[in-house]
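As a plain string of letters, each chain reads:
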2 protein chains.
Amino acid sequence: MSRKITVAAAQVGAVHKNTSKQETVQRLIDLLHDAAKQKVQLVVYPEASLTTFFPRHFIESQEELDAYFEHGEDITQSPDVRPLFEEAKAQGIDICIGYAERTPDGTGYNTCVYYSASEDKIISKYRKVHLPGRVEPFEDPNATNQLEKRYFTPGDLGFKAFRVPNLVPDALKKSHSSNDDVKTDGTGDPIMGMLICNDRRWPEAWRVYTLQGAEILMFGYNTGSHMSHLWGAGNTMTPEEQEKEALFHSRLVQQANSYMNACFSISSARCGVDDGKYDLIGGSSIVSPEGHVLAEAKTKEDELVVTEIDLAICRKGKEKTFDYARHRRVEAYSLITEQTGVLEPPLLD
Amino acid sequence: MSRKITVAAAQVGAVHKNTSKQETVQRLIDLLHDAAKQKVQLVVYPEASLTTFFPRHFIESQEELDAYFEHGEDITQSPDVRPLFEEAKAQGIDICIGYAERTPDGTGYNTCVYYSASEDKIISKYRKVHLPGRVEPFEDPNATNQLEKRYFTPGDLGFKAFRVPNLVPDALKKSHSSNDDVKTDGTGDPIMGMLICNDRRWPEAWRVYTLQGAEILMFGYNTGSHMSHLWGAGNTMTPEEQEKEALFHSRLVQQANSYMNACFSISSARCGVDDGKYDLIGGSSIVSPEGHVLAEAKTKEDELVVTEIDLAICRKGKEKTFDYARHRRVEAYSLITEQTGVLEPPLLD
């Protein structure tokens, strides 16, 4: 059974501090038009797509900070962003998009949502679990801060996989003629999951999704090219080497986790040079369940990375090497959920 | 604080069905002599180092099968293998070696042990947790079987990290002057863990070890080059492409898991062409905590892959990007230990 979908990563180049949300949303819409021409069914936008990546800045003014957030429960009602969802509906293209979310009670999350064009609504929301960095700014004024732990609360929605309707025309539906469970073995509507940036480096996140049968994982990212101040003393890499290293790690974890979880992955970068000095890697890509890069960005600018994928390809890994039911041994994994940090064996005498 | 060790993967080429254990052990000793010349302190041998990889054969005779196993609790007392441990002691080189173990109660395990030359004893034993393949042979007589689940029981020792004495001369020891706990932060004797072959594809295994602070993971493997019959219908890869793919996956998971766990890894292949027809990949290598290949095999024959590693390099990952205490969110991981197989979301209406 073939289950083919045409998908895209919508990479977004530089967004400066003073770039307006309207201007950025128009660029996202332009990418959507490009996607429509190529008969794309699903577009994945970056993490925090609507603004510059503000967690690099130490912001003391609440008003200034709040301007980077979307307020309220439903981003499709946000006046600045509404035109994007309207266009997605008009074109019949599903979108996954990341943004900074401020809830009515004032909590900040690094969030993304999945909007189904056919349903004209958000069908899943994810809040970033693995916030990198720290709470306090660096003392070095030239260091690029990583203040996500200051501005956001770790996501409280877990890693909840979800089915997406109306992407695969002949997907098996629930049988209404009986109360029997229909066998779910890669014949139904696609199962997807969302991650955000740093989550991709944590194999736990991928595993929780694929324990729910996820066939496509999507994530956006803002990853600095030149973060040597985070890399400890003795770092002697040139800026070019640092960018190469950051891209190597990003690609490595996407390829390996796609393979070890027998799922496709779509990654979308906010990239380029923000405000003339903050350099972010590109590398948006679509990776197969065998860990191969099927398509990737050639620039560090707005760019649509498109390919057709066949979800049936996931079955090989899911039914053989990574048939969890046959091979996993949960009795040996207990530390993974019992223990957050490291407990070393005692020192020897 | 520099904590440097010179380590080696001792790759072993073809071992046929009729190759005697004495002959194979002599080759392992030859590799040890080579290691001694290069001042190696730790040599990692492959999975099931002593015989051909017999789980590819459907063996009905218990006597024939038993000949592939080492019997009893302590392999250092096995007459065929004892010369290897004697030589390791004489040269002052620690070794990690894999073999098929038959316990006194008749249970079969795919096992490896860590022998400390300075202690002149096995200081840790590991039994393979993730047995690949199946119980029944393939019907196709030309298919290479993968009968580990038939001949072995999943390991019952978990993933237990251990400290290794006398490798790092100035490693911090337990303070005898007080009962205070000594802070364990990469200043003590090295912390290691052992995996076997297929385990390397399971991020759970790596994570359990590094939740105990592991700085070096070691594993041997027997990985078929041409296993297209395992890869499902529609496979059209040439034998050369299949070998490239198998090597790609092996390398990919080693590099990514080393990076995501901020540990060194040493992998050692049983490789070459057994009995003129069973082709195994090489690719023995030593990988850094940043996921880079530091040294790798150039052949598919007996070959020592040597490099010096500095365990201090692990601290960058362990204290920043992969500082578990700061970043892990175990409340989101519960499915990993609650659920062995896949539970998909219900089909949509």
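Preceding this section is the structure that the text describes.
Residues numbered from 1 in each chain as written. Chains lettered and ligands numbered in written order. Predicted model: local features only at pLDDT ≥ 70, side-chain atom pairs only at ≥ 80, totals over all residues. Heavy atoms only, no water.

Caption draft 1: Summary view of the interface of chain A and chain B. Facing the 80 residues of chain A at the interface are 80 residues of chain B. Across the chain A/chain B interface, buried area totals approximately 7400 Å², and carbon plus sulfur atoms make up 64% of it. Where chain A meets chain B, there are six salt bridges. A salt bridge links A:Glu204 to B:Arg207; its shortest N-O distance comes to 2.6 Å. Counting every contact that joins chain A to chain B gives 37 residue pairs in polar contact (both at pLDDT 80 or more). (Contact = heavy atoms within 4.5 Å. Buried area = accessible area lost by both parts, 1.4 Å probe. Salt bridge = Lys/Arg side-chain N within 4 Å of Asp/Glu carboxyl O. Polar contact = N/O pair within 3.5 Å; in protein donor to acceptor, adjacent residues only side chain to side chain.)

Caption draft 2: Local environment of helix H5 (residues 203-210) of chain B. The buried count for H5(B) comes to eight of eight residues, which makes it a mostly enclosed element. If you check which residues of H5(B) are buried, you get B:Pro203, B:Glu204, B:Ala205, B:Trp206, B:Arg207, B:Val208, B:Tyr209 and B:Thr210. (Buried < 20%, exposed > 50% of the residue type's maximum accessible area, 1.4 Å probe, protein only. Helix = DSSP H or I, 4+ residues; strand = E, 2+ residues; numbered from the N terminus.)

Caption draft 3: Region of interest: the relation of the copies chain A and chain B. Relative to chain B, chain A is turned by 180° and slid 0.0 Å along the rotation axis, the superposed coordinates differing by an RMSD of 0.0 Å. Viewed as a symmetry operation, the transformation between the two copies matches a two-fold axis. With an isologous cut-off of 70% or more, the 100% of interface residues of chain A that recur at the interface of chain B puts this contact in the isologous class. (Least-squares fit on C-alpha atoms with pLDDT ≥ 70 in both.)

Caption draft 4: Representation of the packing of aromatic side chains within the structure. Scanning all chains against the criterion turns up 28 aromatic pairs over all chains. Both rings, one in B:Phe54 and one in B:Tyr151, keep their centres 5.8 Å apart while their planes meet at 45°; by these two values the pair is tilted. A residue pair is termed long-range when its members are at least 10 positions apart, and B:Phe54 in the loop between strand E2 (42-44) and helix H2 (62-66) and B:Tyr151 in helix H4 (residues 148-151) qualify at 97 residues. Sitting over the face of the ring of A:Phe138, A:Arg134 holds its NZ or CZ atom 4.3 Å from the ring centroid. (Phe/Tyr/Trp six-rings, centres within 6.5 Å; stacked < 30°, edge-to-face > 60°. Lys NZ or Arg CZ within 6 Å of the ring centre and 35° of its normal.)

Caption draft 5: Representation of the sheet that holds strand E8 (residues 191-196) of chain A. Residue and element names in this part refer to chain A. The mixed open sheet is built from six strands, whose spatial order is E7-E8-E9-E10-E13-E14. One side of each edge strand has no neighbouring strand; the edge strands of this open sheet are strand E7 (162-163) and strand E14 (293-296). Bridge count for strand E13 (residues 285-287) against E14 is three bridges, and the pairing is antiparallel. Bridging from a neighbouring strand, Ile286 pairs with Ala295 of E14. Helix H5 (residues 203-210) rests against E8, strand E9 (216-221) and strand E10 (264-269) of the sheet, and its axis sits at about 160° to E8. (Pairing = 2+ DSSP bridges. Axes fitted to C-alpha atoms, helices over the stretch in contact; angles between N-to-C directions.)

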